[in-house]
Amino acid sequence: MRVAEELQKWMAHFDWPASAQDRNFEILLGLLALALLAGLAFRKITTSFLTLRALALVPTLSRRVSDWVKSADYSENEVWGADGAGEGWVMLRKEAIDRLASFFRVHYAKSIAWGNEIRESFSDLRFTDANRVPFPFMRAMREKFSLCSVVTESNGPRLCDLDGNWSLDVSGSYGLNLAGFDRYKEWMEKGLKQVSDLGPVLGPLHPIVFENISILKTISKLDEVSFHMSGTEAVMAAVRLARFNTRRKLIVCFSGAYHGWWDGVQPGLGSERTISDCLTLKDLHPASLEVLRRRAREIAAVLINPVQSFHPNLSPPSDTILLTSGVRKTEDSSSSYAQWLRKLREVCTASGIPLIFDEVFSGFRLAPGGAQEYFGVQADVVVYGKSVAGGMPIGVVCGKKELMRRFDPEHPMRIAYVIGTFSAHPVVMGAMNEFLKWLGQPETLDLYVEAKRRCEQWVRSTNERLSELSLPVRVMNFATIWTVLFKEPGRYNWLLQYYLRANGVTLSWVGTGRCMSSMDFTTDDYRELQTKLVDAAQSMKRDGWWLNEEQQPGREGTMRSRLIWEMAKSVVQVPKPLASFYTEIMQRKKDDHHASHSNLVNQFFHLLSSSTFIFCYFFIFFNFTLAIFLSMAALFVRQFGHAILEPPCHDKEKALLGFNTRNKTIIVAGYFLIPVVQVARLWGYDSLNAESFSSILPTVAQQWFLLTLAAVLGRVLYLNWAHNFRTSMIWFVKLITDPITDIFAYYNSVEKMMRLPPSSRSEATH
């Protein structure tokens, strides 16, 4: 009761309108509220639509598909003919693979033995092995190859392995080796000497840290510096600080960029957690800029990887995805990317969004001032790694003061916990100091210019040579970063990395995807690299991995259809009994083709009859009589090819459970007898004319159809009795699907025969 009384008193304070005018005022307020809600909803819908338009769908879709795609290894018969190549090419390829595997076993015996010894205890090595080739080929390649790069010495751009083999190194140590190994060895030695009296003292800082910070501030043109143990950790720190200091959660990155293995900025494959605070947009797309303007209040930072200019809108090149050349594209877009970055900088500035440059990989490879200097764009935060520590591991974050705070001065319990025990290790700081001092020397700029000039000259010369030899390979560079492009679709482009290794080229685990040259690459070194690359490409072509349209007609369509079919099979797993059933049917078809389908004219007759059968499968529902007569004509054309053109193969047909000669004779006699009997019945009539003959055609068609059913079903029952139900069904399914597979089997060979001149054509049919 007391509560009710208090509520009445509270309501009495409001002077509720009672007149009609007041009620109209209430309605007006309600309409205004509805209009406000509608406006907010419209804004929300518009923003969602714009975001969807700019959203990079590949990372999200790839994560979803990864849960559906199941493991599916190619069989021994499939693995070397995955592109639809004929048996002759498959045999050539098998020999090439065996020869290549034998070469590695002989010349890299110690390295292989070392790798086999450690592989089961070293998960990192197993991971790199798994990402070297597309997954359907993994089992076959694992059985043939057991590669492991175990090196003991470096000399200039060359590495020496356990077996004493020297090779040209184009891995770049994942971006670290900019200046050449000899310089890094010198910096590491001198850096250690600078701090040798201190040793691995952590917590207190060595005085050299001050000089490093000063140089980094000058290079980055930013206020503060923090050190971390790796590039991935530095990106984590930059993102956490951006969120902390802007009080926003959303990080924007762009499709194809790689920012380390941390799942917070890895929205695609490799991350299993749900990512709701990282938005991946399309690179070089105006809709992405509009999303930044619209959602500025949500966005803590925009994260950029400058190497995207070398490979926009696609994942960092990895041989795992090199199924066809369509997956692998690169374009010379440095100037257009610079314009894009400038527009992005303008939008971020106008919208109050921090811009972060992730230069862990590209680092100081592009210019002494990094990507900021190269593209002429100033970031709010820059992340460095790889080469900056003079050969030692490091991650560095340079940023504006307001973005580097780790505590909130107004809320003392609110902190951003960013710290690392080894973040300013004295040995790392010493090597870094040597590198940074070298970077500031006037002559260093000349080394950058010369290194870029040599790489560009090598690219031009190499492409000319590849073009002269009609090889479907090209190279392209971005400063001293370069990659291999494939000009023609192919299922085996990823094999080039194996041929390059056999020719003495050391690559990183991404294979031919992303390679790097160092400043110590001389003109002679580049000439040697060109020779090795051209030789490897020629070997691949000679071994039959790159077929042209003349060698394999319709190859691109065949590859595309096979890829689609394989992906569908890997997503929708076929039960093993059904898969085994399908395999046995296809094997029966293959054996049947070899047994009695070698004559080209007979193949032409089969192509003709199969096309007719497929047409009649549908036409029978519209004109039963005509469909049966067409089918019967096709059947006789088909059997004529077997009886007249092919050599006798009764034993083979018996082994394949088909009708023997006596059974075929009885069935054919039955087909002839049916119209004879029907015509004989007409003799009882007074006159024979076209009308009376046409009247018996439907009856003949019906009886032919019934005889066919009796012959087929009778054979099924017999095989079920003599063998088992599975065998009978294999024969039945093979029979009714033969017209379809015949077209795929004989179309190319018949087309090739038709292209021959008449004189050669007559020889080919025998």
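Residues numbered from 1 in each chain as written. Predicted model: local features only at pLDDT ≥ 70, side-chain atom pairs only at ≥ 80, totals over all residues. Heavy atoms only, no water.

Engineer: I would appreciate a short explanation of unusual backbone geometry in the present structure.
Structural biologist: Leaving glycine aside, a negative phi is the common case for residues, and trans is the common case for peptide bonds. With a phi close to 60°, Lys-221 is a non-glycine residue in the positive phi region. Relative to the assigned elements, Lys-221 resides in the loop between helix 9 (208–220) and strand 4 (224–228). In this structure, Lys-386 takes a positive phi of about 55° despite not being glycine. Within the fold, Lys-386 resides in the loop between strand 9 (381–385) and strand 10 (395–399). (Helix = DSSP H or I, 4+ residues; strand = E, 2+ residues; numbered from the N terminus.)

Engineer: Can you help me understand the sheet that holds strand 8 (residues 355–359) in this one?
Structural biologist: Adjacent strands of a sheet form backbone hydrogen bonds with each other and so pair up, either parallel or antiparallel. Reading across the sheet, the seven strands line up as 4-10-9-8-7-5-6 and stay open at both edges, with mixed pairing between neighbours. Sheet topology places strand 4 and strand 6 (278–281) at the edges, where each strand pairs with a single neighbour. Here the strands of the sheet are splayed against their neighbours by 20° on average, with no regard to which way each runs. The strands that helix 9 touches are strand 4, strand 9 and strand 10; relative to strand 4, the one it contacts most, it runs at about 120°. (Pairing = 2+ DSSP bridges. Axes fitted to C-alpha atoms, helices over the stretch in contact; angles between N-to-C directions. Contact = heavy atoms within 4.5 Å.)

Engineer: I tried to follow empty space enclosed by the protein on my own but got confused; where do I start?
Structural biologist: Rolled over the atoms, a probe sized like a water molecule indicates the empty space that remains. Per the counting criterion, the structure on display carries two cavities of 30 Å³ or more. In this structure, the largest cavity spans a volume of roughly 240 Å³. Contributing to the lining of the largest cavity are 19 residues, with Tyr-108, Cys-148, Ser-149, Asp-161 and Arg-501 lying nearest its centre. For the lining of the largest cavity, the secondary structure elements donating two or more residues are helix 5 (109–119), strand 2 (158–161) and strand 15 (505–506). The element best represented in the lining of the largest cavity is strand 2, accounting for three residues. Per-class residue counts for the lining of the largest cavity are ten nonpolar, seven polar and two charged. (1 Å grid on protein atoms, 1.4 Å probe; cavity = no way out; pocket = protein on both sides within 12 Å on 5 of 7 lines; lining within 4 Å. Points joined across faces, edges and corners; volume = space filled by probe spheres on them. Nonpolar A, V, L, I, M, F, W, Y, C, P; charged D, E, K, R; others polar.)

Engineer: I'm lost on helix 8 (residues 181–195) in this one. Help?
Structural biologist: Helical periodicity: at 3.6 residues per turn, an α-helix aligns residues three or four positions apart in one direction. Taking 1.5 Å per residue, 15 residues should reach 21 Å; helix 8 reaches 21 Å between its end C-alpha atoms and fits that length. Here helix 8 has its buried residues at Phe-181, Tyr-184, Trp-187, Gly-191 and Val-195. Along the axis of helix 8, the buried residues cluster in a sector spanning 115°; they form a single face. In helix 8, the exposed positions that point more than 90 degrees away from the buried face belong to Glu-189 and Lys-193. Those residues of helix 8 that are buried are in contact with strand 1 (151–155), strand 2, strand 3 (166–169) and helix 15 (426–439). (Expected span 1.5 Å × (residues − 1). Buried < 20%, exposed > 50% of the residue type's maximum accessible area, 1.4 Å probe, protein only. Arc of directions from axis to C-beta.)

Engineer: I keep staring at the packing of helix 8 against helix 15 and nothing clicks. Help me out?
Structural biologist: Axes are the key here: two packed helices are described by the angle between their axes and the distance separating the axes. For the pair helix 8 and helix 15, the least separation of the axes is 7 Å and the interaxial angle reads 125°. The orientation of helix 8 with respect to helix 15, classified from their angle, is oblique. In this structure, helix 8 meets helix 15 at a crossing whose hand is right-handed. Within the contact between the two elements, helix 8 uses Arg-183, Tyr-184, Trp-187, Met-188, Lys-190, Gly-191, Leu-192, Gln-194 and Val-195 and helix 15 uses Pro-426, Val-427, Gly-430, Ala-431, Asn-433, Glu-434, Phe-435, Lys-437 and Trp-438. Within the contact of helix 8 with helix 15, the residues separate by chemical class into ten nonpolar, four polar and four charged. (Parallel < 35°, antiparallel > 145°, perpendicular 65-115°, else oblique. Left-handed = near helix turned anticlockwise from the far one by under 90°.)

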